[in-house]
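For reference, the chains in residue letters:
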Amino acid sequence: SLSHKASFQVMSKRHYSWVRNLQVPTFETTLSQNAFISIVCSFFNYATRFFIPPIILHHVSVEVYGIWSYTFLFINYFAMSSIGISNVYTRYVAIYQANREMTNINRLLTTGILYSSTICILVIAGSWIFLPYSFPILQIPENLTQTAFILIFGTIVIFSLELTLGS
């Protein structure tokens, strides 16, 4: 009876570890899956950047495409500045949630929205005032300045709204 009980315990431990390994992925499995997904996304990103411009240039002029390029430069500057904000939100909300500190989550989000909206309002106002003065520096033709202003300023406004309200 003792050997039967011991063999049952060994079998149950093996069975339990086998089930556990099926349900909880290992670090190596998770890392390899994430790396694979990252590689596929990077490949898709590079493929679209290679094939999309000729299609766009078939439908718009080179000058308008240049304005879009300037617009994406402005977006990249905004995106670099917003990386830190989202990382702070994600990290500290997770820490406060784990500690059940809901008032700190509220304070963090309120302060973040207040500061980001203030900065975005200043950027929008500065863009409204100073963006037309940048067009001669960027060598945008006179007949495309209205289009350039609408594209660049509209992009700044939309990105500012997403940055402020996205939290």
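For the structure, see preceding data.
Quick caveat: nothing in here was measured; it's all calculated off a predicted structure.

1. Some remarks on the overall build of the protein
- Tallying secondary structure elements over the protein gives five helices and zero strands in all.
- In the protein, the succession of helices and strands from N to C terminus is α-α-α-α-α.
- Residues counted as buried form 19% of the 167 residues belonging to the protein.
- Taking the intrachain contacts of the protein between residues at least 6 apart in sequence as the baseline, contacts between residues at least 24 apart amount to 64%.
- On the protein, roughly 13000 Å² of surface is accessible, and the fraction owed to carbon and sulfur atoms is 69%.

2. Comments concerning the layout of surface pockets
- Space inside the largest pocket adds up to approximately 310 Å³.
- Residue lining of the largest pocket: Thr48, Arg49, Ile52, Pro53, Ile56, Val60, Tyr65, Trp68, Ser69, Phe72 and Asn76, and that is the complete set.
- Of all the secondary structure elements, the ones that give two or more residues to the lining of the largest pocket are α2 (27–59) and α3 (62–98).
- In the lining of the largest pocket, the residues fall into seven nonpolar, three polar and one charged.

3. Notes on a nonpolar patch on the surface
- Where nonpolar side chains cluster on the molecular surface, the patch consists of Trp128, Ile129, Phe130 and Tyr133 and spans about 530 Å² of accessible area.
- Note that Tyr133 resides in helix α4 (residues 102–138).

The rules behind these values
- Residues numbered from 1 in each chain as written.
- Predicted model: local features only at pLDDT ≥ 70, side-chain atom pairs only at ≥ 80, totals over all residues.
- Heavy atoms only, no water.
- Helix = DSSP H or I, 4+ residues; strand = E, 2+ residues; numbered from the N terminus.
- Buried < 20%, exposed > 50% of the residue type's maximum accessible area, 1.4 Å probe, protein only.
- Contact = heavy atoms within 4.5 Å.
- Areas by Shrake-Rupley, 256 points an atom, 1.4 Å probe, with all protein chains shown as cover.
- 1 Å grid on protein atoms, 1.4 Å probe; cavity = no way out; pocket = protein on both sides within 12 Å on 5 of 7 lines; lining within 4 Å.
- Points joined across faces, edges and corners; volume = space filled by probe spheres on them.
- Nonpolar A, V, L, I, M, F, W, Y, C, P; charged D, E, K, R; others polar.
- Patch = residues over 30% accessible without salt bridge, like charges linked within 9 Å, V, L, I, M, F, W, Y side chains within 5 Å.
- Salt bridge = Lys/Arg side-chain N within 4 Å of Asp/Glu carboxyl O.

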